[in-house]
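Each chain, letter by letter, is given below.
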Amino acid sequence: MTSRVSHTTVDCRNAYELSEWWKGVLDYVDVAGDPNEPGHDECAILARDGSHHLLFIEVPETKVGKNRIHLDLVPTQGTRDDELARLLAHGAVEVTDHRGQYGPGTGWVILADPEGNEFCILRSDAEAGREGWQPAV
């Protein structure tokens, strides 16, 4: 017997605003029949292919300290640096830059969303030599 991930949940102050922000980052959509509205304290978004849900739930506590879990993002088009520029223009904040840490062209950048939740932008599959790469099953 095993389990599967139903969705990834993000605690936040404003579920609607943060779900809208992440829709722009990931090109996700509202769940059919359950649109997100201002004032909703739970907002779910879905990958266009249905493969992943993100659920944003309002909590009274503010974020303190480093995330214990985070998303690692890989650009679907262009390069890591192209995507980094897009995410910064979208409102992400750079936390730590690890580009070049293991030699020219390597590394990642840690960013934060508008509520301070950290995530990483990695090199594209082409940049990392992972064309057609799929996680081991």
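Right, let's walk through the structure included here. This one's a predicted model, so the numbers in the text were calculated from it and none came from an experiment.

Rules and cut-offs
Residues numbered from 1 in each chain as written. Predicted model: local features only at pLDDT ≥ 70, side-chain atom pairs only at ≥ 80, totals over all residues. Heavy atoms only, no water. Pairing = 2+ DSSP bridges. Helix = DSSP H or I, 4+ residues; strand = E, 2+ residues; numbered from the N terminus. Axes fitted to C-alpha atoms, helices over the stretch in contact; angles between N-to-C directions. Contact = heavy atoms within 4.5 Å.

What follows concerns the sheet that holds strand E6 (residues 93-97). Here we have four strands laid out as an open sheet, ordered E5-E8-E7-E6, and mixed in their pairing. The outermost strands of the open sheet, each flanked by one partner alone, are strand E5 (71-73) and E6. Taking the axes of each pair of neighbouring strands and ignoring which way they run, one obtains an average angle of 30 degrees across the sheet. Pairing between strand E7 (residues 109-112) and strand E8 (residues 118-121): four bridges, direction antiparallel. Bridge pairing in E8 places Ala 112 opposite Glu 118. Packed on one face of the sheet, helix H1 (residues 15-26) meets E5 and E8 and runs near 35 degrees to E5. Contacts from helix H2 (residues 80-90) reach E6, E7 and E8, with the element oriented near 145 degrees to E8.

Below, the discussion takes up the environment of Gly 65. With respect to the element layout, Gly 65 can be found in the loop between strand E4 (53-58) and E5. The spacing of Gly 65 and Glu 83 is 18 residues in sequence and 26 Å in space, taken between C-alpha atoms.

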